[in-house]
Amino acid sequence: PDDGNRVPREVVARQQLPDFELDQIENLQTAKRTIVVNNVATSRAVFVFYKTTHPILSDVAVRRALTMGIDRDALKQKLDGRFNLINGPLMAGQLGFDKNITQPGYALDEAKHTLDQAGWPIGADGIRTKNGQRLTINLVTQDDTDYTRAAEAVQQAWTSLGVETKISLYQS
């Protein structure tokens, strides 16, 4: 099954070669093999959807702070530029896309301030709490190399905000 991490044979070469994991291509290039890699942007995108019925995520200030706490340019770089940056809930060309609907950009200090103002101060262990409840988010994603790397980057970003972030992977 194709999980999106393999380069199809016909893209790799005209010979009968096995599919290559994307992280193996660099090894082939450094082994002085003749290989040309064209990094083509696709229509793939990584989204963070918030479950707004969750007690913590029902607060728009928390969702805004979480969004501002993610450096999307760094995330794109971590994913080798294979994903498009989008500024709203839909990608250009999708039904309902509106270029005027955007999300806040990366602003770490403002994100921390927003959480402070929303009543989530940093605790002694570095995790924010409110009324005795820890600011804990369970980030659920597909067990796939790219999505796992994206989730780990988001986890790292949110940890810097004082958010305890757990990652749950599921098989597709």
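In this report, we go over the structure that sits alongside the text. (Residues numbered from 1 in each chain as written. Predicted model: local features only at pLDDT ≥ 70, side-chain atom pairs only at ≥ 80, totals over all residues. Heavy atoms only, no water.)

1. Let's talk about the nonpolar core
Of all hydrophobic cores here, the largest spans 25 residues; its most connected members are Val62, Leu66, Leu115, Trp158 and Val163. Elements that contribute at least two residues to this core include exactly helix H3 (60-68), helix H5 (108-117), strand S5 (136-142) and helix H6 (145-161). When residues in this core are grouped by element, the largest group, 7 residues, is from H6. Aside from chain neighbours lying at most four places away, what touches Val163 is Leu66, Leu115, Ile127, Leu135, Ile137 and Trp158. (Core = buried A, V, L, I, M, F, W, Y, C linked by side-chain atoms within 4.5 Å. Buried < 20%, exposed > 50% of the residue type's maximum accessible area, 1.4 Å probe, protein only. Helix = DSSP H or I, 4+ residues; strand = E, 2+ residues; numbered from the N terminus. Contact = heavy atoms within 4.5 Å.)

2. Describing H5
Residues of H5 that are buried: Ala111, Thr114 and Leu115. One side of H5 holds all its buried residues, which, seen down the axis, span an arc of 95°. Counted as exposed and oriented over 90 degrees from the buried face of H5: Asp109 and Gln117. Next to the buried residues of H5 lie H3 and H6. Just downstream of H5 lies Gly119, where phi reads positive at about 90°. (Arc of directions from axis to C-beta.)

3. Describing the side chain of Thr141
Assignment of secondary structure puts Thr141 in strand S5. Among all residues touching Thr141, those that are not within four sequence positions of it are Tyr147, Ala151, Ile167, Ser168, Leu169 and Tyr170.

4. A word on the pairing of S5
Here S5 pairs with strand S6 (residues 164-170) via 7 bridges, running parallel. Across the sheet, the residue bridging to Thr141 is Leu169, located in S6. You can see the chain leave S5, run along H6 and come back into S6, and the turn it takes is right-handed. (Pairing = 2+ DSSP bridges. Right-handed = clockwise from strand over helix to strand, strands pointing away.)

5. Some remarks on the pattern of salt bridges
By the definition in use, this model includes 3 salt bridges. Linking Asp116 and Arg128 is a salt bridge whose minimum nitrogen-to-oxygen distance equals 2.6 Å. Here Asp116 is found in helix H5, whereas its partner Arg128 is found in the loop between H5 and strand S3 (129-130), with 12 residues between them in sequence. Owing to a relative accessible area of 2%, Arg128 belongs among the buried residues under this scheme. It is possible to trace a salt-bridge network through shared partners that takes in Asp125, Arg134 and Glu164. (Salt bridge = Lys/Arg side-chain N within 4 Å of Asp/Glu carboxyl O.)

6. With respect to unusual backbone geometry
In the Ramachandran plot, Asn131 falls in the positive-phi region, its phi being about 50° despite a non-glycine side chain. Counting through the fold element by element, Asn131 comes out in the loop between S3 and strand S4 (133-134).

7. Looking at the packing of aromatic side chains
Geometrically, a pair of aromatic rings is defined through the distance of the ring centres and the angle of the planes. Using the criterion set out here, one finds 2 aromatic pairs in the structure. Ring centres of Phe47 and Phe49 lie 5.4 Å apart, and the angle between their planes is 15°; this geometry places the pair in the stacked category. (Phe/Tyr/Trp six-rings, centres within 6.5 Å; stacked < 30°, edge-to-face > 60°.)

8. Quick look at H6
Here H6 is 17 residues long and its end C-alpha atoms lie 25 Å apart, about the 24 Å a rise of 1.5 Å per residue gives. Within the span of H6, buried status applies to Asp146, Thr148, Ala150, Ala151, Ala153, Val154, Ala157, Trp158 and Leu161. Residues of H6 that are buried in the fold lie against H3, helix H4 (72-78), H5, S5 and S6. Between the side-chain oxygen at the start of H6 and the backbone nitrogen of Asp146 there is a gap of 2.9 Å, and the oxygen is on Asp144. Immediately downstream of H6, the backbone of Gly162 shows phi near 95°, a positive value. (Expected span 1.5 Å × (residues − 1). Polar contact = N/O pair within 3.5 Å; in protein donor to acceptor, adjacent residues only side chain to side chain.)

9. Notes on the environment of His113
Inspection of the secondary structure puts His113 in helix H5. Look at His113 and you get partly exposed, because its relative accessible area is 47%.

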